[in-house]
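Tertiary structure, described
Listed below, chain by chain, are the residues.
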Amino acid sequence: MLQAGWLRGDAVLALLLATRVVAAFEPITVGIAIGAASAITGYLTYNDIYCRFAECCREERPLNASALKLDLEEKLFGQHLATEVILKALTGFKNNKNPKKPLTLSLHGWAGTGKNFVSQIVAENLHPKGLKSNFVHLFVSTLHFPHEQKIKLFTDQLQKWIRGNVSACANSVFIFDEMDKLHPGIIDAIKPFLDYYEQVDGVSYRKAIFIFLSNAGGDLITKTALDFWRAGRKREDIHLKDLEPVLSVGVFNNKHSGLWHSGLIDKNLIDYFIPFLPLEYRHVKMCVRAEMRARGSAVDEDIVSSVADEMTLFPKDEKIYSDKGCKTVQSRLDFH
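By convention here, each chain's residues receive numbers from 1 onward along its written sequence. Predicted model: local features are reported for residues with pLDDT of at least 70 only, side-chain atom pairs are reported and counted for 80 or more only, and whole-chain, interface and lining totals are derived from all residues. In computing side-chain values, all of the structure's heavy atoms are included and hydrogens and water are not.

**Things to note about helix α5 (residues 80-95)**
- Put simply, DSSP marks the helices as runs of H or I at least four residues long and the strands as runs of E at least two long, and each gets a number from the N terminus on. Multiplying 1.5 Å by the residue count of a helix minus one yields the expected span of that helix. Helix length check: α5, at 16 residues, gives a terminal C-alpha distance of 23 Å against a target of 22 Å (1.5 Å per residue), a fit within 8%.
- Restricting attention to buried positions, one finds in α5 the residues Leu81, Ala82, Thr83, Val85, Ile86, Leu87, Ala89, Leu90 and Phe93.
- Pairs of residues are marked as contacts when any of their non-hydrogen atoms sit within 4.5 Å. Where α5 is buried, its residues contact α4 (65-75), β1 (103-108), α6 (115-126), β4 (209-214), α11 (240-252) and β5 (272-275). For every residue, the accessible area obtained with a 1.4 Å probe (protein chains only) is divided by the maximum for its type, and the residue is called buried under 20%, exposed over 50%, and partly exposed between those limits.

**As for the sheet that holds strand β3 (residues 173-177)**
- For two strands to be treated as a pair, DSSP must find at least two bridges joining them. A sheet is described by the order of its strands in space; here five strands give the open sequence β2-β3-β4-β1-β5, paired in parallel fashion. Two strands bound the open sheet, and with one partner strand each, they are β2 (136-140) and β5. The average angle at which neighbouring strand axes cross in this sheet is 15°, direction not considered.
- Judged from the six bridges that link them, β1 and β4 form a sheet pairing that is parallel. By the bridge assignment, Ser106 is partnered in β4 with Phe212. Each axis is a line fitted through C-alpha atoms, and for a helix only the stretch in contact is used; angles between axes span 0 to 180 degrees, taken between their N-to-C directions.

**Regarding helix α10 (residues 218-230)**
- Given a rise of 1.5 Å per residue, 13 residues ought to cover 18 Å, and the 18 Å separating the end C-alpha atoms of α10 matches this to within 8%.
- Those residues of α10 not exposed but buried are Gly218, Ile221, Thr222, Thr224, Ala225, Leu226 and Phe228.
- Where α10 is buried, its residues touch β1, α11, β5, β6 (313-314) and β7 (321-322).
- Looking one or two places after α10, you find Gly232, whose phi comes out positive at around 80°.

**Some words on the packing of helix α13 (residues 281-294) against helix α14 (residues 301-309)**
- One way to put it is that α13 packs onto α14 with a least axis distance of 9 Å and a crossing angle of 130°. Classified by the interaxial angle, the pair formed by α13 and α14 is oblique. In this structure, the crossing between α13 and α14 has a hand that is right-handed. Where α13 approaches α14, its residues Tyr281, Val284, Lys285, Val288, Arg289 and Met292 are matched on the opposing element by Glu301, Ile303, Val304, Ser305, Val307, Ala308 and Asp309.
- As a working rule, the residues Ala, Val, Leu, Ile, Met, Phe, Trp, Tyr, Cys and Pro are called nonpolar, Asp, Glu, Lys and Arg charged, and the rest polar, with Gly in that last group. Grouping the constituent residues of the contact of α13 with α14 by class yields eight nonpolar, one polar and four charged. What sets the label is the angle itself: under 35 degrees gives roughly parallel, over 145 gives roughly antiparallel, 65 to 115 gives roughly perpendicular, and the rest give oblique. Note: crossing handedness is left-handed where the near helix turns anticlockwise from the far helix by less than a right angle, and right-handed where it turns clockwise.

**Quick word on unusual backbone geometry**
- Of note, the bond from Phe314 into Pro315 is cis; its omega dihedral lies within 30 degrees of zero at -5°.
- Of note, Pro315 is situated in the loop between β6 and β7.
- In this model, Glu178 sits at a positive phi of 60°, which is unusual for a non-glycine residue.
- Taking relative accessible area as the criterion, Glu178 reaches 21% and is therefore assigned partly exposed.

**Things to note about the packing of aromatic side chains**
- Whether two aromatic rings pair depends on their centres lying within 6.5 Å, for rings of Phe, Tyr and Trp, where Trp uses its six-membered ring; planes under 30 degrees apart make the pair stacked, over 60 edge-to-face, and the rest tilted. What the rule picks out here adds up to seven aromatic pairs.
- On the numbers, 4.7 Å between centres and 50° between planes, the contact of Phe193 with Tyr205 is tilted. Of this pair, Phe193 sits in helix α9 (residues 184-194) while Tyr205 is found in the loop between α9 and β4, placing the two residues 12 residues apart along the sequence. Each member of the pair, Phe193 together with Tyr205, is buried.
- Centroid distance Phe314 to Tyr321: 5.7 Å. Interplanar angle 55°. Geometry classified as tilted.
- According to the relative accessible area criterion, Tyr321 is buried, its value standing at 1%.
- Grouped by ring-pair contacts, the aromatic residues Phe139, Phe145, Phe154, Phe176 and Phe212 constitute a single cluster.

Shown next, in the form of structure tokens:
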């Protein structure tokens, strides 16, 4: 019996290796090899083996909330609100077996405060390949929708793209960067997929996730943070209730926000407005240390201080916040 077990294991290994070799060439051959492996083992399904060598959409894959929490706490600096809200929002949504609508998050704040970085962290925790996953779709308004005269074409293409990809993977993730530069027509094209419909043209979007990134509202967020600082209160004392109502109204009434008088806000289709606070000098130093570790370098506090000192701080008198957040840390570190 032991020898038979070895033989079966050897056969499976050989077939798996064969599968891996032919995977790049011809799907039918892959299917035959996988089917043979399944027949020999008696317990490995087609999907079990196929998904070891190709990315699969596993709707039943649970969110590892502890891993997400650790990523946010260790990699995102100075953003206690974003960390708290994103963790709760994603955990609650993924634990809900029958959500009534897709999860829609709108991230707001100045450049360099961590919005793109957070979307990357979220993507990696939902799909192992992160932004490289076939089930994560990143759109940059100035890159993908650059010409206003082609809006009709863009909206048709976008709707088909979303429909096709959600049909293939119900828990697809769609990230829209530079929402404040997005034409209102594009936003209108997204709206049907975010609503409380059970299905749209035979497709359910209720398990998908939409993430919007925008600089709009950065001034309102900074004003609140500055008011707390001037009152001698810690930034950690700022709660979502101090910012979310002001942020949603401010973005709704801002002609340059991308969400000006948008039905997404009017119909409460955005689940959370998540503010990203301006980063202080100490947070910039944290970013420099993290980048040095990521490069495999020993942390040199002299270099850390030197890079942080190169940042321009505002307001002019108090000099509290970095005007570019941590956005230029990587390029500046190259000179040291």
